[in-house]
Amino acid sequence: MSLESVRAFFAVHAPDVEVIVTQASSATVMLAAEAHGVLPAQIAKTICLRVGDRTMLVVTSGIARLDNRKFKDRFGGKPRMLDAKEVVAATSHPVGGVCPFGLPAPLQVCCDVSLREFEEVVPAAGATNAAVRIAPQRMVDLIGAEWVDVCQA
């Protein structure tokens, strides 16, 4: 269902973007980089967080780490990562396939500036073996995200 919601999202909003399903798992940054022949930094990992009572997604470079100080300054609270069950409830996507596409309900989505150094990034696409190749700015435009600086330099 999750992969199908992502396919449906792209069919409507960007039919030229192909959802790539691989035999190999791409559930981790390293596996995804290997499966898609890109640098680990080009994997756009999506983190599902809660700040207070607000759930949000932050998409970062595959090698970036959240900076708690920057995050707290930007969003007014400390981020708490959701557990696997909470992630599925919020996104419909399994851990390892979480992405900002095809969500069951609107969530705030932010993309870290760490993605801007690449012409193309590879976010997951709703399954642990699915992804898309997309320009970072196009991804931001498609999902209505905002650019933020919340990762360690």
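The text that follows walks through the structure, step by step, so that each part is easy to find. (Residues numbered from 1 in each chain as written. Predicted model: local features only at pLDDT ≥ 70, side-chain atom pairs only at ≥ 80, totals over all residues. Heavy atoms only, no water.)

### Here we look at the side chain of Ser-92
What counts here: Where helices and strands are cited, they refer to DSSP runs of H or I of at least four residues and of E of at least two residues respectively, numbered from the N terminus. Throughout, a contact is declared for two residues whenever any of their heavy atoms are within 4.5 Å.
Looking at the element boundaries, Ser-92 is found in the loop between helix H4 (84–91) and strand S5 (108–112). Those residues in contact with Ser-92, other than ones at most four positions away along the chain, are Ser-2, Ser-5, Val-87, Gly-102 and Pro-104.

### Examining helix H5 (residues 136–143)
Convention followed: Three exposure classes are used, based on accessible area relative to the maximum for each residue type with a 1.4 Å probe and protein chains only: buried under 20%, partly exposed in between, and exposed over 50%. Think of the arc as the fan of directions from the helix axis to the C-beta atoms.
Inspection of H5 places Pro-136, Met-139, Val-140 and Ile-143 among the buried residues, and these make up the whole buried set. Mapping the buried residues of H5 onto a view down its axis gives an arc of 100°, with all of them on the same face. Note on H5: the residue one or two positions beyond its end, Gly-144, has a positive phi of about 70°.

### Here's the deal with the pattern of salt bridges
When charged atoms on two side chains of opposite charge get close, those side chains can pair. Counted only if it meets this: Here a salt bridge means any side-chain nitrogen of Lys or Arg lying within 4 Å of a carboxyl oxygen belonging to Asp or Glu.
Inspection of the entire model under this criterion finds 8 salt bridges. Of the charged contacts, one joins Asp-16 and Arg-138 as a salt bridge, the two residues approaching to 2.8 Å between their closest N and O atoms. Residue Asp-16 is located in the loop between helix H1 (2–13) and strand S1 (20–21), and its partner Arg-138 is located in helix H5; the two are separated by 122 residues in the primary sequence. You can call Asp-16 exposed: its relative accessible area is 55%. Taking relative accessible area as the criterion, Arg-138 reaches 31% and is therefore assigned partly exposed. Glu-146 is the salt-bridge partner of Arg-74, the closest N and O atoms lying 2.4 Å from each other. Residue Arg-74 is found in helix H3 (residues 68–75), and its partner Glu-146 is found in strand S8 (residues 146–148); the two are separated by 72 residues along the sequence. The class of Arg-74 is partly exposed, set by a relative accessible area of 37%. Connected through salt bridges with shared partners, the residues Arg-50, Arg-80 and Glu-86 form a single ionic network.

### Observations regarding the pairing of S5
To keep it simple, the criterion reads: Two strands pair if DSSP finds at least two bridges between them.
Counting buried residues along S5, 4 of its 5 residues qualify, which places the element largely inside the surrounding structure. In terms of strand pairing, strand S3 (residues 54–61) meets S5 through 4 bridges, oriented parallel. Bridging across to S5, Val-58 finds its partner in Cys-110. In the sheet, S5 pairs with S8 via 3 bridges, with the strands oriented parallel. Bridging across to S8, Cys-110 finds its partner in Glu-146.

### Some remarks on the packing of aromatic side chains
Cut-off, in case you're wondering: Between rings of Phe, Tyr and Trp, where Trp is taken as its six-membered ring, a pair exists when centres lie within 6.5 Å; planes separated by under 30 degrees are stacked, by over 60 edge-to-face, and by other angles tilted. As a reminder, the over-ring test applies to NZ of lysine and CZ of arginine, requiring each to be within 6 Å of the ring centre and within 35 degrees of the ring normal.
All told, the structure shown has 4 aromatic pairs when counted by the stated rule. Between Phe-9 and Phe-10, the aromatic rings sit 5.2 Å apart at their centres with planes inclined by 90°, giving edge-to-face as the arrangement. With relative accessibility at 15%, the residue Phe-9 sits in the buried group. A relative accessible area of 2% places Phe-10 in the buried class. When the centroid spacing of 5.7 Å and the interplanar angle of 40° are considered together, the rings of Phe-9 and Phe-101 count as tilted. Separated by 92 residues along the polypeptide, Phe-9 in helix H1 and Phe-101 in the loop between H4 and S5 bring together distant segments of the chain. The two residues Phe-9 and Phe-101 agree in class, both being buried. Ring-pair connections join several aromatic residues into one group, and the members of that group are Phe-9, Phe-10 and Phe-101. Stacked on the ring of Phe-75, the Lys or Arg Arg-74 has its end atom at 4.8 Å from the ring centre.

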